[in-house]
Amino acid sequence: MTKTNKKRAVVALGGNAISMRDKTDTIANQFDNTVASLGSIIALIKHGYQLAITHGNGPQVGNALMRVELARGKAPTLPLYVCVADLQGGMGYMIEQCLQSRLSEEKIKRQVVALVTQVVVDENDPDFQNPTKFIGQFYSKQTALKLAREMGWQKIVQFPGDRRWRRVVPSPKPIEIIEGDTIKCLVDEGTIVIAAGGGGIPVLRKKGKLVGVDAVIDKDRAAAVMAREIEAELLIILTDIDQVAINYGTPQQKWLNKVSLKEIAEHYRNGQFPPGSMGPKIEAAISFLESGGRQVIITSIENGYDAVRGKAGTTIVR
Ligand code: ADP
Ligand code: MG
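Attention here is on the structure that accompanies the text. Residue numbering note: each chain is counted from 1, following its sequence as written. Labels follow written order: the first chain is A, the first ligand is 1, and so on. Predicted model: local features are reported for residues with pLDDT of at least 70 only, side-chain atom pairs are reported and counted for 80 or more only, and whole-chain, interface and lining totals are derived from all residues. Each side-chain value is derived from all of the structure's non-hydrogen atoms; neither hydrogens nor water enter the calculation.

**Thoughts on the overall build of the chain**
When helices and strands are counted, the chain shows 12 helices and 17 strands. Computation of the radius of gyration draws on C-alpha atoms alone. For the globule rule, the value is 2.2 Å times the number of residues to the power 0.38. Relative to the globule expectation of 20 Å for 318 residues, the C-alpha radius of gyration of the chain, 19 Å, shows essentially globular dimensions. Each residue is assigned to one of three classes by its accessible area relative to the maximum for its type, calculated with a 1.4 Å probe on protein chains only: buried under 20%, partly exposed between the two thresholds, exposed over 50%. When the 318 residues of the chain are sorted by exposure, 52% land in the buried category. Contacts: residue pairs with any heavy atoms within 4.5 Å of one another. When contacts within the chain are restricted to residue pairs at least 6 apart in sequence, those whose partners lie at least 24 apart make up 75%. Approximately 15,300 Å² of the chain is accessible, and the part contributed by carbon and sulfur atoms is 50%. Side chains of the chain carry 41 positive and 33 negative charges; the gap between the two charge centres is 1 Å. We count a stretch as a helix when DSSP gives it H or I for four or more residues in a row; a strand needs E for two or more, and each element gets its number in order from the N terminus. Each accessible area is a Shrake-Rupley result for a 1.4 Å probe, and residues are judged covered by the shown protein chains and nothing else. Only four residue types enter the tally: Lys and Arg on the positive side, Asp and Glu on the negative side, with His and both chain ends excluded. A single reference atom marks each charge: NZ on Lys, CZ on Arg, CG on Asp, CD on Glu.

**Topic: the packing of aromatic side chains**
Pairing of aromatic side chains requires ring centres within 6.5 Å, counting the rings of Phe and Tyr and the six-membered ring of Trp. Pairs whose planes differ by under 30 degrees are stacked, by over 60 edge-to-face, and all others tilted. Taken as a whole and judged by the stated rule, the model has five aromatic pairs. Ring centres of F138 and F159 lie 5.0 Å apart, and the angle between their planes is 90 degrees; this geometry places the pair in the edge-to-face category. Pair noted here: F138 is in strand β5 (residues 133-139) and F159 is in the loop between β6 (156-158) and β7 (165-169), with a separation of 21 residues, a long-range link. Note on F159: relative accessible area 23%, which makes it partly exposed. Between Y248 and W255 the ring centres are 6.4 Å apart and the planes differ by 70 degrees, which places this aromatic pair in the edge-to-face class. A relative accessible area of 51% places Y248 in the exposed class. With a relative accessible area of 39%, W255 lands in the partly exposed category. Among the aromatic residues, those joined into a cluster by ring pairs are F134, F138 and F159. We note K7 situated over the ring of Y49; from NZ or CZ to the ring centre the distance is 4.6 Å. Note on criteria: charge over ring means Lys NZ or Arg CZ within 6 Å of the ring centre, with the direction from the centre no more than 35 degrees off the ring normal. The ring of F138 carries R166 above its face, with NZ or CZ at 4.6 Å from the centroid.

**Side note on the pairing of strand β16 (residues 295-300)**
Burial analysis of β16 places five of its six residues in the buried class, which makes it a mostly covered element. Only strands joined by at least two bridges in the DSSP assignment are considered to pair. Here six bridges tie strand β12 (residues 234-239) to β16, and the two strands are oriented parallel to one another. From the neighbouring strand, T239 faces β16, where its bridge partner is S300. As defined by bridge partners, β16 adjoins strand β17 (residues 314-317) across four bridges and the pair is classed as antiparallel. Following the sheet pairing, Q295 is matched in β17 by V317.

**Describing the site of ligand 1**
Around ligand 1, the surrounding shell holds 17 residues, and the nearest of these are T239, D240, A245, Y248 and K281. Distance and chemistry together define a polar contact, namely a pair of N or O atoms within 3.5 Å, with one atom able to donate a hydrogen and the other to accept it when in protein, and with adjacent residues in sequence counting only for side-chain atoms on both sides. Within the side chain of D240, one N or O atom sits 2.6 Å away from an oxygen atom of ligand 1. Relative to its unbound accessible area of 570 Å², ligand 1 is 84% covered by the protein chains. Among the residues making up the shell around ligand 1, the classes are represented as seven nonpolar, seven polar and three charged. We call a residue near a molecule or strand when any one of its heavy atoms sits within 4 Å of it. In this classification, the charged set is Asp, Glu, Lys and Arg, the nonpolar set is Ala, Val, Leu, Ile, Met, Phe, Trp, Tyr, Cys and Pro, and all remaining amino acids, among them Gly, are polar.

**So, the packing of helix α9 (residues 219-229) against helix α11 (residues 278-290)**
The convention used is that axes are lines fitted to C-alpha atoms, helices contributing only their stretch in contact, and that angles between N-to-C directions extend from 0 to 180 degrees. With their axes 8 Å apart at the nearest point, α9 and α11 run at an angle of 15 degrees to one another. Classed by the angle they form, the pair α9 and α11 counts as roughly parallel. In this structure, α9 meets α11 at a crossing whose hand is right-handed. Residues K219, D220, R221, A224, A227 and R228 of α9 lie in contact with α11, whose contacting residues are P280, K281, E283, A284, S287 and F288. Among the residues forming the contact of α9 with α11, the class breakdown is five nonpolar, one polar and six charged. Throughout, the term roughly parallel applies to angles under 35 degrees, roughly antiparallel to angles over 145, roughly perpendicular to angles from 65 to 115, and oblique to all others. Handedness of each helix crossing follows the sense of rotation of the near helix against the far helix: counterclockwise by less than a right angle gives left-handed, clockwise gives right-handed.

Here it is in structure tokens:
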């Protein structure tokens, strides 16, 4: 095994980067998109980083839930947290194999492993009382009501600005990664670990036992917790936009190249980053930098390689 120096990084891949909105979503395309997302990971490895990788699962978990609904009465219903666990395996396998092939092409000797990861959440988290995360397909009101009744869903809501309805689940804050020490040991040895996929399998601690709970954890928040637990200095969030902007989508829009923690925290407080998209990434950046991280890069998959070399993306420093 190649011994590397002690610089550690966490890379978070967006689920939308693997199932792209503008391409037919087939497994073959997911493999191609995954291969295309490896640029920044290869750059980090060449720069001597030890690495943990995490990934989103938004589009994929939507498909998994559709399969569960279509198979009702024929195969046992899978709870959401088992779908998340299954996808950590399926997507973890995909990323693992694509990375192994690429490393072999580059003649780099590093082990790669995907790990099924549980993340502890608090049952008193306000999101359990008032769920906020839209998930799965869109339905007519009638179908949504029927499914909610038959499948025991906690909440359905009319999608904002739309006539269709959607399921809403809790998105509690991640507190601790059960397999955190294992991830750190493996990363320390130079293994590239794919972990906390989809934000991790949400679990509660109940009388000394762990139990899965129907919720989804934001993958950017989970990435920040993982980065803290493995004592990474760098967190890279790869999404579908090249840079972070202030006054995004307005005539006053300004792209950010390099900003300090203080500046970004101020923009965050001023409501510059919406809750469902850029908000969690900025929140993750702030919490990582406040807990000892040195640098966060937010950029697109395509620009990941250049961003690592300081030539693209938005960099936030402590
Ligand atoms: P992911 O699947 O990677 O988590 P999201 O769709 O959740 O991706 O978040 C990325 C999106 O955030 C971008 O496509 C962009 O449209 C949106 N966005 C919202 N506010 C901003 C902002 N201030 N700067 C840049 N992008 C923003
Ligand atoms: Mg997102």
